[in-house]
Amino acid sequence: MRNLFPVSGLVLSVALIGAGFVSTFAADETLRSYAEKNGIYIGAILNSQWFGGGLPSQYEQVHKTQFNIVVAENEMKFDATEPSENRFNYNNGDKMVRYAKQNGMRVRGHALAWHSQVPNWVNNYKNDKKKLLSVLKNHIDNVVGHWKGQVDEWDVVNEAISNNEPQWRTYSVWYQGIGPEFIDSAFVWAHAADPNAELCYNDYNLEQGVNPKAKAGFLLEQVKRWVANGIPIHCVGSQTHVEDTTTDKHFIGSPDSLRSLARELAKLNIKLKITELDIGFKSGINVSKSDLERQGQTFRQYLDIILEEPNADTYLIWGVSDKWSWLGGLNRQKGLIYDDNLKPKPAFDSILVRLQNFEPPQDTVAADTTANDTTVTDSTGLDSTIVIRQTAGPGSVTMHVAGRTLFIAGAKSAKVDVFNMQGRPVFSTKCEKGSIELNGISDGLYMVRVRSGSASLVQKISIK
Ligand code: XIL
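Residues numbered from 1 in each chain as written. Predicted model: local features only at pLDDT ≥ 70, side-chain atom pairs only at ≥ 80, totals over all residues. Heavy atoms only, no water.

Caption draft 1: Representation of the overall build of the protein chain within the structure. Along the backbone of the protein chain there are 14 helices and 18 strands. Burial status across the protein chain gives 56% buried among its 464 residues. In the form shown here, the protein chain has an accessible surface area of approximately 18,700 Å², with 49% of it arising from carbon and sulfur atoms. (Helix = DSSP H or I, 4+ residues; strand = E, 2+ residues; numbered from the N terminus. Buried < 20%, exposed > 50% of the residue type's maximum accessible area, 1.4 Å probe, protein only. Areas by Shrake-Rupley, 256 points an atom, 1.4 Å probe, with all protein chains shown as cover.)

Caption draft 2: Looking closely at the site of the ligand. In the vicinity of the ligand, 13 residues are found, and the nearest of them are E73, K77, H110, N158 and E276. A distance of 2.6 Å separates an oxygen atom of the ligand from a polar side-chain atom of E73. Within the side chain of K77, an N or O atom sits 2.7 Å from an oxygen atom of the ligand. Compared with its free state, where it exposes 410 Å², the ligand has 78% of that area covered by protein. Partitioned by chemical class, the residues of the shell around the ligand number three nonpolar, six polar and four charged. (Near = heavy atom within 4 Å. Polar contact = N/O pair within 3.5 Å; in protein donor to acceptor, adjacent residues only side chain to side chain. Nonpolar A, V, L, I, M, F, W, Y, C, P; charged D, E, K, R; others polar.)

Caption draft 3: The arrangement of the nonpolar core in detail. Grouped together as the largest cluster of nonpolar side chains are 97 residues, with contacts concentrated most on W154, V157, W174, Y315, I337, I351 and L355. Here this core takes seven residues from helix α10 (residues 181–193), the largest share from any one element. Grouped together as the second largest cluster of nonpolar side chains are 20 residues, A411, C431, I436 and I441 included. (Core = buried A, V, L, I, M, F, W, Y, C linked by side-chain atoms within 4.5 Å.)

Caption draft 4: Structural view of the state of the cysteines. Per the stated rule, a full pass over the model turns up one disulfide. One disulfide in the model links C200 with C235; its S-S distance is 2.0 Å. Classification of the bridge connecting C200 and C235 rests on its S-S torsion, roughly -90°, and on that basis the disulfide is left-handed. Of the two residues, C200 sits in strand β5 (residues 198–203) while C235 sits in strand β6 (residues 235–238), which places them 35 residues apart along the sequence. A single burial state applies to C200 and to C235, both of which are buried. (Disulfide = S-S within 2.5 Å.)

Caption draft 5: Representation of helix α14 (residues 346–357). End to end, α14 covers 16 Å across 12 residues, agreeing with the expected 16 Å (1.5 Å per residue, within 8%). In terms of burial, α14 is a largely internal element, 12 of the 12 residues being buried. Every buried residue of α14 is accounted for by P346, A347, F348, D349, S350, I351, L352, V353, R354, L355, Q356 and N357. (Expected span 1.5 Å × (residues − 1).)

Caption draft 6: Examining α10 more closely. End to end, α10 covers 18 Å across 13 residues, agreeing with the expected 18 Å (1.5 Å per residue, within 8%). Of all the residues in α10, the buried ones are F182, I183, D184, A186, F187, W189, A190 and A193. Structurally, α10 contributes buried residues whose contacts are with β3 (106–114), α8 (129–146), β4 (153–158), α9 (173–178), β5 and α11 (215–228). (Contact = heavy atoms within 4.5 Å.)

Caption draft 7: Examining the environment of Q150 more closely. Residue position: Q150 is located in the loop between α8 and β4. Separated by 44 residues in the primary sequence, Q150 and R106 place their C-alpha atoms 8.7 Å from one another. When residues no more than four places from it in sequence are discounted, the contact partners of Q150 are V97, K101 and V107.

All we've got here are geometric facts, nothing functional implied.
Shown next as structure tokens:
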């Protein structure tokens, strides 16, 4: 079992009191509490507006309640931390590190060597290899050194591979001025500055197949070389900025492809992290309820990689609410798990339920790997009534199902909510007489939550 968390029980039980939104789940049923149960990190960026104090308090409340890893949208990039030569600005980064400490969160640093968001003064040295090497080294020494022991992991190199043919990205001041060995050097310097930090190579379009023609295939060859040469690299970050499958005809990425990359990396003892997930729709189109449900399934399929692959531990979303998202600039919309009003979307529920009911692979219940099912059939024939979660109250509530009758014992009166395995509510009622009939629901697996006073029981049931 992965044991990753410096987080206290107190922090975990922070409730959504005052958050002002209504979810189908109780306040203590947070993404982070279930992520921690499964030994993984779940997170979202702190948007740039947060640093300036420009976001409603509800934003921060949601962020710290639901997530246990954080990264700054822009505030640790080169132009933010070294706006003029050898003059460093750590104010915003320090603010985030303090916030992370207060809320028991892991910190990602993003990003040290990248072609974008590089301040203009660096370009003055574009024809001077020796100087550029010392500029990059000085930056890494200072920035990583400043947050030594406080930033747990770094994107040391970001987006160094070209989109089209698999080769290095040539329009980068680092590549042009130094050559591809800037990458090797950056890792060595970052490791020297903080030997305990986890160091990642981070890029996008890595979910498009692991073959020599795809970006991930090219990257894999480089990772093999870095590992063989003793370059201190520990992880690959897959940004995973993807578009909803049905609105993008050219979409060729898939969770399965990313899973293949994770497995290849496992052979090299390198981790895979999902670092910047969003699943947007094309701008301008009407996004229906069922589109949002499908989006939730895709979020869940990417989560499955992190839950199921032993060398995958992090699921980070590039934003909290659709209201504050960089996706508009990509001609995409609605790619996150909270809507404009900070209300959880179906994707939130899909993720939460998956975290709640995930059982390690040796378990007997067949995993749901289909994208569009609304219910999951228990193909094993084994008893699938598994208690997911129980909060004790006075007396103990139990439930069992026989045919289509759900029997509830231990509570005179209880509120019953039935969810499909993607977390969408399908049926709610009050039980006053010890049993209810589950008519009008198709056969399959469901999650049932029974609440009575302070007691609550969540259980998986099978209706046949
Ligand atoms: C984006 C930010 O979200 C924007 O605010 C900024 O204007 C541009 O950068 N890949 C990365 C991130 O590694 O740093 C990018 O963040 C999104 C794509």
